[in-house]
Amino acid sequence: MKVQIINKFMQNKLKSGSLTLLLPFIIFLNLVSCKPSQVASDQLISSDTVQIAQEPQVAAVPPEPEIEVDRGPYRAENTRFHDLVHTRLEVSFDWDRQYLLGTALLELRPYFYAQDHVILDAKGFDIHQIQLVNGTDRKPLTHQYDGKKLNISLDRSYQRNESYFLEIKYTAKPNELEAGGSAAITSDKGLYFINPTGEHTNKPQQIWTQGETEASSCWFPTIDSPNQRTTQEIYITVDQRFVTLSNGLLVFSRGNEDGTRTDYWKMDQAHAPYLFMMAVGEFAVVKDSWQDMEVSYYVEPEYQPYARAIFGKTPQMLTYFSELLKYPFPWSKYSQVVVRDYVSGAMENTTASVFMEDLQVNHRYLLDNDWDGIIAHELFHQWFGDLVTNESWSNLTLNEAFATYSEYLWAEHLLGQDDADYKGYEEQQNYLREARQKKVDLIRFYYDDKEDMFDSHSYAKGSRILHMLRGYLGDEAFFETLHQYLSTYAGEPVEVHHLRLAAEKVSGQDLNWFFNQWFLNSGHPELQVSTEFSDDALTLSLFQIQDRSSAPLYRLPIEVEFWHHQEKTVETIELSKEAQDFNFPMTTAPDLVVIDPRNVLLAEIHYEQSRQALIHQYRVSSGGMTRYKALEKLLEDSVDSQIVAVFMDALEDSFWVNRQLTVNAFESYPEEQPESLVTKLRTIAASDPNTQVRADAITVLSSFENGDIYLPLYLEALRDSSYAVAGAGLTAYLQTEHPDRDQIAGQFEQEDNMQIALPVADYYALNHVPDKYRWYYEKLSNGNGEMMFYMINYFGQYLTNSDQEEQLSGAKYLEELGLHHHTYYIRYSAFQALGLLTGIEEAAEMRSRVKQSETDPRLVEIYAQYP
């Protein structure tokens, strides 16, 4: 569910044109990324600072609302004809055919009205036997089955106080299902066999599941709806060498006469079927604890030494979130497992979250980045999503907005306000980027496909709305609201009004206005701001200029700061009309007016600010993001000594994001670099406490006209423990004309980290270094999805300068990836690389076969643009 940051090296390659073929698709990936935000913003969308002494501008008249277009069919909550009370599964596996051999015992009872049949979700099964079980008695039942729905006729009509038990023997065949999925969850076949025959020596054999949205029914029969809740038992039979993981607790492991082992997992607390999980593999299990509860981390043995470094803050998070919510972690254990070839970023299965393989990293990686955001995201879901579950996918934001907001909360707790506000700013930019393409209600009852709900509206916009609710209610009332919401609706399916009622109960206020405009409507405010000082008063004029066909007229409580030199006063206003003036008595005009200084408001704010106001904003603001926004706007100004002075000071800003922004601003410095700038950049490159800032300083120095003079700095960077710093040094060194570049590149051929491997791949491709075919092939075979996405393009470039035989061999490999790789964007990258091989006739035919065989609607749409 998660697209990663395009790192600095890749940004430079995109600028230079080396990856031009992939640029449209990279943009597409960024737009559709849906799990916790990691896409770096590239442009300030709105300004929240206003300057005085400008004439008010007349707000544009909003257009008349357009006639509503078809938004898809109405999506009601699924009707509950039955309660799924308990699910007992016995499963084993045919690895060669990639089948699951299962027996399910389901306890059901009518929800309210008497029922004489039941319809179960069961996708792509062979149904062998269905029996009604009553003690030791078994009665065969008749059924109808269309490959998706299993309609079972009961022996009589059952009342709502009567339970009955169904035993179903079946075979699940996930690979024979029609392909589906979304940008967030790239496949929906539910059950996945990884390297099932063991033919790939560099990849472990694994089995794992992915239930969201309604794919659990691809491996066991159930009522696959988020408003169902069932307790669970599962008996998993595997070879002795494998470790298993499932929901709940491991009750026992039993050896079998045939040399296999059966593990019995039991989940006594009811949860939704889409949260069922199972993982099988040769995992190393690192055990931790929290308040006498097991906390465990399942990783490949190679990464066992790093498991605590990756996941080790989990007990701290458990303490923090439990105390913040005044609701202790509600389950019997918490495990986290990393699997290969995962179809998403991570998944919050109850008591056992699954993560993509990108989390398997070493200590060097962790010097530059951590995975706290995604770890916090999935953990917070254990309350918001697992304990209290959205009743339908229309209400998905009740799961995902809270989980996304947990990333802000954890950053605020661990790192401080500036880092949290930057996280919130990134989320807001993610939503605004998507809003340029679509504006839809946050709670959406009309959509074509449930997968459409997994977007930046449900995640990023939802999280910022929660932050606004917190800002409006205040911290005490907001977190008490969350406590009441969890306490009142634990174990229940919920809709947005349950959250509103909890907030109203706590605050004593009617909050329909807030929920109607933010949760039940589309769009966001766009504000035009102006100020005028006269007669000992400042008039602040605000106009709502958003397109009223896709957004309402908002009621907006807004905090405003007025600065006179170093002194500030704070006022709160409420904008509720299309145009409003607010008058503030004061004896002199303020130097600066700051709108929403605490970064609460989700809005685009337009104001033409003077250079002096922005410089004042940077100089006096204590908030890192308020200074950041001033620097962003100053970048749009013409460069002179006054601007340079501000940015020279900003190189020493206390907030690392501002130092990074400033360092990169000097990459396009139009004049000869003064010695003072070079000295500062060299100091930053050598000793800044943030490795990303150090890496960017190296990159900027290498972009200067005389960048070769910094060779000693690049060589020192190559020895750095940080991948980011070493990668920047390697990239810079390989861009020089030094004669030992081949030797330096060769020293790093064994590194698999993307920050190191991609500069080598780029160098070999652009400089036609011979005899590197095997190196590319091995990197592609061992790389993960993101690494492969870029490496394939370099491989294609490398092949263009190879002989015919090598080109043909490489083209066949690319065709194989384009036809059969499980990840859609890898198939696309292979398709594009084949397009580079114009020197062999076969490449065009191979590309045509890739195009014709594609069934993923995202790629079908893209491929339609190619002949």
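These figures come from a predicted structure and were not determined experimentally.

Here is what the cut-offs are and how they apply
- In every chain, residue numbers begin from 1 and rise along the written sequence.
- Two thresholds apply to this predicted model, a pLDDT of at least 70 for residue-level local features and 80 or more for giving and counting side-chain atom pairs, whereas whole-chain, interface and lining totals are computed over all residues.
- Remark: hydrogens and water are excluded; side-chain values derive from all non-hydrogen atoms of the structure.
- Residues enter a patch when their relative accessible area is above 30% and they make no salt bridge; the linking distance is 9 Å between like charges and 5 Å between nonpolar side chains (Val, Leu, Ile, Met, Phe, Trp, Tyr).
- Accessible surface is estimated by sampling points in the Shrake-Rupley manner with a 1.4 Å probe; for residues, cover comes only from the protein chains shown.
- Whenever a carboxyl oxygen of Asp or Glu lies within 4 Å of a side-chain nitrogen of Lys or Arg, that contact is scored as a salt bridge.
- None of His or the chain ends enter the tally, which takes Lys and Arg as positive and Asp and Glu as negative.
- Charge positions are represented by NZ for Lys, CZ for Arg, CG for Asp and CD for Glu.
- Under the scheme used here, helices are H or I runs from DSSP no shorter than 4 residues and strands are E runs no shorter than 2 residues, and both carry numbers assigned from the N terminus.
- For the exposure calls, accessible area comes from a 1.4 Å probe over protein chains only, and a residue counts as buried if that area is under 20% of its type's maximum, exposed if over 50%, partly exposed in between.
- Between any two strands, at least two bridges found by DSSP are needed for them to pair.
- To obtain an axis, a line is fitted to C-alpha atoms, over the contacting stretch when the element is a helix, and the angle between two such axes runs from 0 to 180 degrees between their N-to-C directions.
- Roughly parallel means an angle under 35 degrees; roughly antiparallel means over 145; roughly perpendicular covers 65 to 115; every other angle is labelled oblique.
- Helix crossings are classified by the rotation of the near helix relative to the far one: an anticlockwise turn of less than a right angle makes the crossing left-handed, while a clockwise turn makes it right-handed.
- Whether two residues touch is decided by their heavy atoms; if any such pair falls within 4.5 Å, the residues are in contact.
- Residues were grouped as follows: Ala, Val, Leu, Ile, Met, Phe, Trp, Tyr, Cys and Pro as nonpolar; Asp, Glu, Lys and Arg as charged; and all remaining residues, including Gly, as polar.
- Centres within 6.5 Å make a pair out of two Phe, Tyr or Trp rings, where for Trp the six-membered ring is used; the pair is then stacked when the planes are under 30 degrees apart, edge-to-face when over 60, and tilted otherwise.
- We call a charge positioned over a ring when the NZ of a Lys or the CZ of an Arg lies within 6 Å of the ring centre and within 35 degrees of the ring normal.
- Among buried residues, those of type Ala, Val, Leu, Ile, Met, Phe, Trp, Tyr and Cys that are joined through side-chain atoms within 4.5 Å constitute a nonpolar core.
- One less than the number of residues in a helix, times 1.5 Å, gives the span that helix is expected to have.
- What qualifies as a polar contact is a pair of N or O atoms within 3.5 Å, subject to a donor-acceptor requirement within protein and to the restriction that residues adjacent in sequence count only when both atoms come from side chains.

Caption draft 1: The arrangement of a negative patch on the surface in detail. Together, Glu-178, Asp-188, Asp-448, Asp-449 and Asp-452 make up a region of like negative charge exposed at the surface. Turning to its location among the elements, Asp-188 is positioned in the loop between strand S9 (164–172) and strand S10 (191–194). For Asp-188, a relative accessible area of 32% puts it in the partly exposed group.

Caption draft 2: Fine view of the sheet that holds strand S30 (residues 604–606). Sheet architecture is open: 4 strands sit in the order S28-S25-S24-S30, paired in mixed fashion. If you trace the sheet from one side to the other, it starts and ends with strand S28 (579–585) and S30, each paired once. Strand-to-strand, the axes of this sheet are offset by a mean angle of 25°, without reference to chain direction. Note: strand S25 (residues 537–544) against S28, 7 bridges, orientation antiparallel. Note that in S28 the partner of Ala-537 across the bridge is Pro-585.

Caption draft 3: Representation of the packing of helix H18 (residues 691–703) against helix H19 (residues 711–718) in the model. Axis separation between H18 and H19 bottoms out at 11 Å; the angle between their running directions is 150°. Here H19 runs roughly antiparallel to H18, going by the angle between their axes. Judged by the sense of rotation from one axis to the other, the crossing of H18 with H19 is left-handed. Taken together, the residues of H19 that come into contact with H18 (itself represented by Ile-698, Leu-701 and Ser-702) are Leu-713, Tyr-714 and Ala-717. When its residues are assigned to classes, the contact of H18 with H19 shows 5 nonpolar, 1 polar and no charged.

Caption draft 4: Layout of the packing of aromatic side chains. Enumeration according to the criterion identifies 64 aromatic pairs in this entry. Taken together, a centroid distance of 6.0 Å and an interplanar angle of 65° make the contact between Tyr-485 and Tyr-489 edge-to-face. With a gap of 4 residues between them, Tyr-485 and Tyr-489 both fall in helix H10 (residues 475–489), about one helical turn apart. We note that Tyr-485, like Tyr-489, is buried. An aromatic cluster of three or more residues is present, and its members are Tyr-320, Phe-321, Phe-329, Tyr-334, Phe-380, Trp-383, Phe-384, Phe-402, Trp-410, Tyr-485 and Tyr-489. In this structure, Arg-156 is placed above the aromatic ring of Tyr-158, and the distance from its NZ or CZ to the ring centre is 4.0 Å. A cation over an aromatic ring shows up here: Arg-847 above the ring of Phe-831, its NZ or CZ 4.0 Å from the ring centre.

Caption draft 5: Structural detail: the pattern of salt bridges. Taken as a whole and assessed by the stated rule, the structure comprises 43 salt bridges. The closest approach of N and O atoms between Arg-241 and Glu-282, which form a salt bridge, is 3.0 Å. With Arg-241 in the loop between strand S12 (230–239) and strand S13 (243–246) and Glu-282 in the loop between strand S16 (278–281) and strand S17 (284–290), this pair connects stretches of sequence that are 41 residues apart. Overlapping salt bridges bring together Asp-126, Lys-173 and Glu-176 as one network.

Caption draft 6: Local environment of the nonpolar core. Judged by nonpolar contacts, the single largest core of 263 residues is most densely connected at Phe-93, Tyr-170, Trp-383 and Phe-519. With 10 residues, the top contributor of residues to this core is helix H24 (residues 785–799). Excluding its chain neighbours within four sequence positions, the residues that come into contact with Phe-519 are Thr-397, Leu-442, Ile-443, Ile-465, Leu-466, Val-496, Leu-499 and Phe-514. One finds Leu-592, Val-594, Ala-613 and Val-620 within the second-largest nonpolar core, a separate group that totals 5 residues.

Caption draft 7: View of the sheet that holds strand S8 (residues 149–158). An order of S4-S8-S7 is seen for the 3 strands of this open sheet, with the pairing classed as antiparallel. Edge strands, defined here as strands with exactly one partner in the open sheet, are strand S4 (115–121) and strand S7 (143–145). Across the sheet, the mean angle from the axis of one strand to that of its neighbour is 20°, orientation sign disregarded.

Caption draft 8: Looking closely at the pairing of strand S27 (residues 567–575). Pairing analysis gives 9 bridges linking strand S26 (residues 556–564) to S27, with the strands arranged antiparallel. Within the sheet, the bridge partner assigned to Glu-559 lies in S27 and is Thr-572. Here S26 hands over to S27 after 2 residues, with His-565 in that stretch at a positive phi of 60°.

Caption draft 9: Broad picture of helix H22 (residues 754–766). When the terminal C-alpha atoms of H22 are compared, their 18 Å separation across 13 residues agrees well with the 18 Å that a helix rising 1.5 Å per residue should span. A large share of H22 lies buried, amounting to 12 of its 13 residues. Turning to H22, its buried residues are Met-754, Gln-755, Ile-756, Ala-757, Leu-758, Pro-759, Val-760, Ala-761, Asp-762, Tyr-763, Tyr-764 and Ala-765. By the N-cap criterion, in which a side-chain oxygen at the helix start approaches the backbone nitrogen of a residue two or three places on, H22 is capped by Asn-753, the distance to Gln-755 being 2.8 Å. His-768 sits one or two residues past H22 and shows a positive phi near 55°.

Caption draft 10: Layout of helix H26 (residues 824–836). With 13 residues, H26 should cover 18 Å at 1.5 Å per step; its first-to-last C-alpha distance of 19 Å lies within 8% of that length. Counting buried residues along H26, 10 of its 13 residues qualify, which places the element largely inside the surrounding structure. For H26, the set of buried residues is Tyr-824, Ile-826, Arg-827, Tyr-828, Ser-829, Ala-830, Phe-831, Gln-832, Ala-833 and Leu-834.

Caption draft 11: A look at the side chain of Ser-406. Relative to the assigned elements, Ser-406 resides in helix H7 (residues 397–414). Looking at Ser-406, its side chain comes within polar contact range of the main-chain oxygen of Ala-403, at 2.5 Å.

Caption draft 12: Highlighting unusual backbone geometry. Look at the link from Glu-212 to Thr-213: it is a cis peptide, with omega at 5°. Among the structural elements, Thr-213 can be located in the loop between strand S11 (206–209) and S12. Positive phi values are uncommon outside glycine, yet Lys-326 reaches one of about 55°. The phi dihedral of Thr-351 is positive, around 70°, even though this residue is not glycine. With respect to the helices and strands, the residue Thr-351 is situated in the loop between strand S20 (346–347) and strand S21 (352–355). Judged by relative accessible area, which is 0%, Thr-351 ranks as buried.

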